[in-house]
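Spelled out, the chains give:
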Amino acid sequence: PPADYVLPQGEWWIGAGVGLYAVGRHWSGEDEELVAAWREAEEKKRDLLYGLYFGRSWHSGFWAGSGVEFGKGRSSFDHLDQRQDMTMAVTTQLATFDEMVIAVVTDTAVIIEERNESFTGTNRSSVIRVPVLGGWRWELRRWELGLHMGLAGEWHKLRDGYVLVTSTNYTGVETLTTEQLPEKDRSYGLLSTQVGLSAGFRISERWVISAGPTYHTGLTLFSSHAPLQALPRRWGGLAQLTYTLPSRTR
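Description of the structure in this document. From a predicted model like this one, the values you see are computed outputs, not experimental measurements.

Remarks on the packing of aromatic side chains
Okay, so step 1: The full count for this structure, using the stated rule, is seven aromatic pairs.
Okay, so step 2: For the ring pair W27 and W38, a centre distance of 4.6 Å and an interplane angle of 10° mean the geometry is stacked. With W27 in strand β1 (residues 10-28) and W38 in helix α1 (residues 32-41), this residue pair connects regions lying eleven residues apart in the sequence.
Okay, so step 3: On the numbers, 6.1 Å between centres and 75° between planes, the contact of W38 with F77 is edge-to-face. Of the two residues, W38 is situated in helix α1 and F77 in strand β3 (residues 62-97); the sequence distance between them amounts to 39 residues.
Okay, so step 4: Given the relative accessible area of 7%, W38 is considered buried.
Okay, so step 5: By the ring-pair criterion, three or more aromatic residues cluster together here, those being W27, W38, F77, F119 and Y162.

Take a look at the structure:
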C-alpha cells in the first residue's frame, strides 16, 4: 500500500436492540406497614425495552457508547383493604321533677364497622433509559464474545393501575387508582447500573447480530415525591443488531 496509508484507530457504529426482563423492586421506607403491603401486593413484573445506540470501537476490542431505550412495564396487583370506620354517639338522659333537673346521665357509644375490599388488576408503566456504557469484545473469525457495564438514568411513569398509600380516614393501608393521584406523584427518576455478556455473529463485514444476558439494578432515586424507595432489579436478555459506519482512511 502507499506509504501514507494508515489503518483507522477507531470506527463509529450504530445499532438497535430489544430486551425482555423480569423485574423485582426493592421496597424500603420509614413506614414498615406500607413497605410490607407493597411487597405482598406487587408480583410478576416484567419490562420490554426497545433501544437505539451509537458509539465508537477500537481495534484493541474496547468500545464505548450511549443511546436511549423506551420501554413498557406490566405487573400484577393483588391487595385486600381492611378498613375500620369509627363513629361516636353521645346520648344524654335527664331526670326532672316539675322544672327541676334531678339527674343527668350521659352515655357515649363507640361503633366500629369493619369493611374488606379486594383490589386485583394489572399495573402498566413506562420507562425511558439513557445508558452510558463501556465494554470489550473478543473476535474469533466471524464470532464475537463480549462484556459491558455502565450507568443509566431512568425516568419511570405509572400509566394505569393501583397504588398503596397510608390511609388518613381509616386505619392501615388504603388502595388508590392512578386517577386519584396527582400527576407529579405518578413519575420518578433514578440512577441505575447494568452489566451484561454477549455472543455475536458477524453477518457481513459491517453487520453484527448479538444477544446475551443483562442485569440492571437501581442505585438511588431522584425527582420522587413518594414516601417509599422502590429500586428496580431487572434480569433478562438483550438482542442487538449493529452496523459499523465506513471510516475515512488517511
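Structural notes on unusual backbone geometry
Leave glycine aside and you will find that most residues have negative phi; peptide bonds, for their part, are mostly trans.
Okay, so step 1: For K44, which is not glycine, the phi torsion reads 50° and is therefore positive.
Okay, so step 2: Turning to its location among the elements, K44 is positioned in strand β2 (residues 42-58).
Okay, so step 3: Positive phi outside glycine occurs at R141, with the angle close to 60°.
Okay, so step 4: When you line up the elements, R141 lands in the loop between β4 (100-140) and β5 (143-160).

So, the pattern of salt bridges
Okay, so step 1: A full pass over the atoms with the stated rule returns 13 salt bridges.
Okay, so step 2: Across the pair E183 and K157 runs a salt bridge whose closest N-O atoms are separated by 2.5 Å. A residue pair is termed long-range when its members are at least 10 positions apart, and E183 in the loop between β7 (173-177) and β8 (187-202) and K157 in strand β5 qualify at 26 residues.
Okay, so step 3: Salt bridges linked by common partners bring K45, D47, E69, R129, E154 and R234 together as one network.

Reading the values: the criteria
Residues numbered from 1 in each chain as written. Predicted model: local features only at pLDDT ≥ 70, side-chain atom pairs only at ≥ 80, totals over all residues. Heavy atoms only, no water. Phe/Tyr/Trp six-rings, centres within 6.5 Å; stacked < 30°, edge-to-face > 60°. Helix = DSSP H or I, 4+ residues; strand = E, 2+ residues; numbered from the N terminus. Buried < 20%, exposed > 50% of the residue type's maximum accessible area, 1.4 Å probe, protein only. Salt bridge = Lys/Arg side-chain N within 4 Å of Asp/Glu carboxyl O.

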